[in-house]
Amino acid sequence: MRRRLPLLICLFSGLFFTIQFFIPHQEVRRLYADGLRWLIVVATFAVVLATGSLINHHIRKLRRRDKDWSYSLVTLLALLGMGIAGFSTGTRPGTLFNKLFLNVQVPMQSTMFGILAFYIASASYRAFRARSKEATLLLLAAFLLMLSAVSFMSYYFPHITTLSEWLLMVPNLAAQRGILFGVFLGTLATSIKIILGIERGWMGGGR
Amino acid sequence: MNEFFVRLSKIDRRYIFLLVAVSVIVPLLFPFHYPTRVTRHTQAVFDIVDQIPPVSNPILISFEYGPSTMPECHPMAYAILRHAFSRRVRVIGITLSADATGLGEQALSDVAREYGREYGKDYVYLGYKPGVSAVMLSIGEDIKKTFPRDFYGQPTSGIPMLTEVHNYSQIPLVIPLTGSQTATSWLIYAGARYHARVADGVTAVMASELYAFLQTKQLSGLLAGLKGAAEYERLVQQAGYTKNEGKATRGMDALSTMHLVIITFIILGNIGFFLSRRSAKKGERP
């Protein structure tokens, strides 16, 4: 029963959400809207599960004194601190939670992301070499797109923008569309396998 | 000369870091005011917002960026909000990313204060709701049931601006500002399922993925990265809706200069690579 019940719920929900698309009846629409709100509730529980999993993972690391365990301590303290701030003062503007977010998390995360620019510059200098025909093509395309991203270049030389847009609209699009078809057909096939209970990885025990 | 380029191609990366830092800091301290050409995709977003009648159905802005993608997406939010609020176009703000909750509130309240717009009449902020695609679909059924309360805990059924708003049919434009795959999800769930008009504001790296939807006209317009934000700021300024030079315009000076530095590095690196390869080939000859 422990395995059958989730599979039955999955089968029923999957079939219902597929079939409802073709039945514009008022009752079906109501059930569909209720189902969507249920999905939002389930997604909320996923946040609880994820938080629990994060806490377990880091407590385990702390207990074992694994490598870099001090970072786990910082993570847990930050989680606890933000949690206490959020639950005690709320999340509105002016609260401790909001101040911590805007004045600690935002600068820290922006800095981490900003550091990427330095590594990208260094990496592009060392790795972006015309070693083969393919690499030369990639280099030329990147070169052109970067030039079009320089505001005054696209202003004074509008052909650069035209050419970079052609790159994006023709060769890029051809490849992107192929990838998109593949991704969506794959998603469709996996969805059917999940609904029919062939793919059971989501239950946590593999196939 | 050859030796110079070869040595240059093996330069210590700390010098590169220093040059990158200078190329970012100097334009931020002393703006160069580079001219910008507006792309048709940015113009399309501006035109749609510009054609929405004042004090009518609201546009929906979904803030879906965190602090890491904030430098690209936050200026977009400010520019669009300045455009909307200056014309009294109503705005519904939501967020599908927990990270963006505070940022969305900040953008909405800052620009509303700038133009003297009133909460509940001119704009509303419904806050964060987990579930991404379920939320997008649920708004198509009933926005007030999807968000029974706004960010401040007020019941949405009592907000005057939302009285006549039920689903996407009353929302003339949906603008997700995002650095993630949700840009495509909005097209699938809100666009294809409920025929909502969608225009995306995304980070530059995301933009290339969305050209397929621009071509099919499933996407009505696109703000691509900081450049897109700067172009929108320019349009808003040119139309006389604001006198403020936005953050993206200032950021574009730094970004453009840094791009030029990287391009120069790539050229120099390749010259060094070819010269060292030629020397190696010569050395191999008997």
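All of these numbers come straight from a predicted model, not from anything done at the bench. (Residues numbered from 1 in each chain as written. Chains lettered and ligands numbered in written order. Predicted model: local features only at pLDDT ≥ 70, side-chain atom pairs only at ≥ 80, totals over all residues.)

Peer 1: Would you mind going over the overall build of chain B with me for this structure?
Peer 2: The helix and strand inventory of chain B stands at eleven helices and six strands. Oriented by its inertia axes, the alpha-carbon framework of chain B measures out at about 85 × 40 × 30 Å. For chain B, the residues scored as buried account for 53% of the 286 residues in total. Put simply, of all contacts in chain B between residues at least 6 apart along the chain, 74% involve residues at least 24 apart. (Helix = DSSP H or I, 4+ residues; strand = E, 2+ residues; numbered from the N terminus. Buried ≥ 20, exposed ≤ 12 C-beta atoms within 10 Å, placed from the backbone. Contact = placed C-beta atoms within 7 Å.)

Peer 1: Where do I start with the interface of chain B and chain A in this structure?
Peer 2: At the junction of the two partners, chain B supplies 49 residues and chain A supplies 48 residues. Elements that contribute at least two residues to the side of chain B that touches chain A include exactly α2 (13–29), α4 (70–86), α5 (101–115), α6 (133–141), α9 (204–215), α10 (225–238) and α11 (247–284) of chain B. Counting residues per element, the side of chain B that touches chain A draws most heavily on α11 of chain B, which supplies 13 residues. The class makeup of the residues in the side of chain B that touches chain A is 25 nonpolar, 15 polar and nine charged. (Nonpolar A, V, L, I, M, F, W, Y, C, P; charged D, E, K, R; others polar.)

Peer 1: Looking at this structure, how should I read the nonpolar core?
Peer 2: The nonpolar side chains of a soluble globular protein tend to be buried, and buried together. Residue and element names in this part refer to chain B. The biggest cluster of nonpolar side chains holds 93 residues, and the ones touching the most others in it are Ile59, Ala77, Ile80, Leu81, Leu210 and Tyr232. At nine residues, α4 tops the list of elements feeding residues into this core. In this structure Tyr232 touches Thr42, Val45, Phe46, Met76, Ala79, Ile80 and Leu223, once residues within four positions along its chain are discounted. (Core = buried A, V, L, I, M, F, W, Y, C linked by C-beta atoms within 7 Å.)

Peer 1: Just to check I follow, could you spell out helix α4 (residues 96–127) of chain A for this structure?
Peer 2: Because the α-helix completes a turn every 3.6 residues, residues three or four places apart line up on one side. Residue and element names in this part refer to chain A. For α4, which comprises 32 residues, the first-to-last C-alpha distance of 45 Å matches the rise-based estimate of 46 Å (1.5 Å per residue) to within 8%. Its axis deflected by about 30° at Gln105, α4 carries its strongest bend there, up to four residues before the proline Pro107. Of all the positions in α4, only Phe97, Asn98, Phe101, Val106, Ala121, Ser122 and Tyr125 are classed as buried. (Expected span 1.5 Å × (residues − 1). Bend = angle between axes of the 7 residues up to and from the residue.)

Peer 1: Would you mind showing me how to read the sheet that holds strand β4 (residues 174–178) of chain B here?
Peer 2: Backbone hydrogen bonds hold the strands of a sheet together, and the pairing may be parallel or antiparallel. All names here are of chain B. On the basis of which strands lie adjacent, the open sheet formed by six strands has the order β3-β2-β1-β4-β5-β6 and parallel pairing. Across the chains shown, the open sheet's two edge strands, defined by having one partner strand only, are β3 (123–128) and β6 (219–224). Strand-to-strand twist of the sheet, defined as the mean angle between neighbouring strand axes without regard to direction, takes the value 15°. Relative to β6, strand β5 (residues 198–202) is paired through five bridges, and the arrangement is parallel. From the neighbouring strand, Ala199 faces β6, where its bridge partner is Gly221. Helix-sheet contacts for α9 involve β5 and β6, and the interaxial angle to β6 is about 165°. (Pairing = 2+ DSSP bridges. Axes fitted to C-alpha atoms, helices over the stretch in contact; angles between N-to-C directions.)

Peer 1: So what exactly am I meant to see when it comes to the confidence of the model for chain A here?
Peer 2: Detail in the predicted coordinates should be disregarded across regions flagged by low pLDDT. Summarising the model, chain A shows a mean pLDDT of 90, and 99% of its residues fall at 70 or more. Between the elements of chain A, mean pLDDT differs from a low of 86, seen in helix α6 (residues 151–156) of chain A, to a high of 94, seen in helix α3 (residues 69–89) of chain A. (pLDDT = per-residue confidence, 0-100.)

Peer 1: Can you help me understand the confidence of the model for chain B in this one?
Peer 2: Model confidence for chain B is summarised by a mean pLDDT of 92, while 98% of its residues fall at 70 or above. Scoring of the predicted complex yields 0.89 for pTM and 0.84 for ipTM.

Peer 1: It is not clear to me how the environment of Pro158 of chain A should be interpreted in this structure. Could you clarify?
Peer 2: Relative to the assigned elements, Pro158 of chain A resides in helix α7 (residues 158–169). For the pair Pro158 of chain A and Ser148 of chain A, spaced ten residues apart in sequence, the C-alpha separation works out to 8.6 Å.

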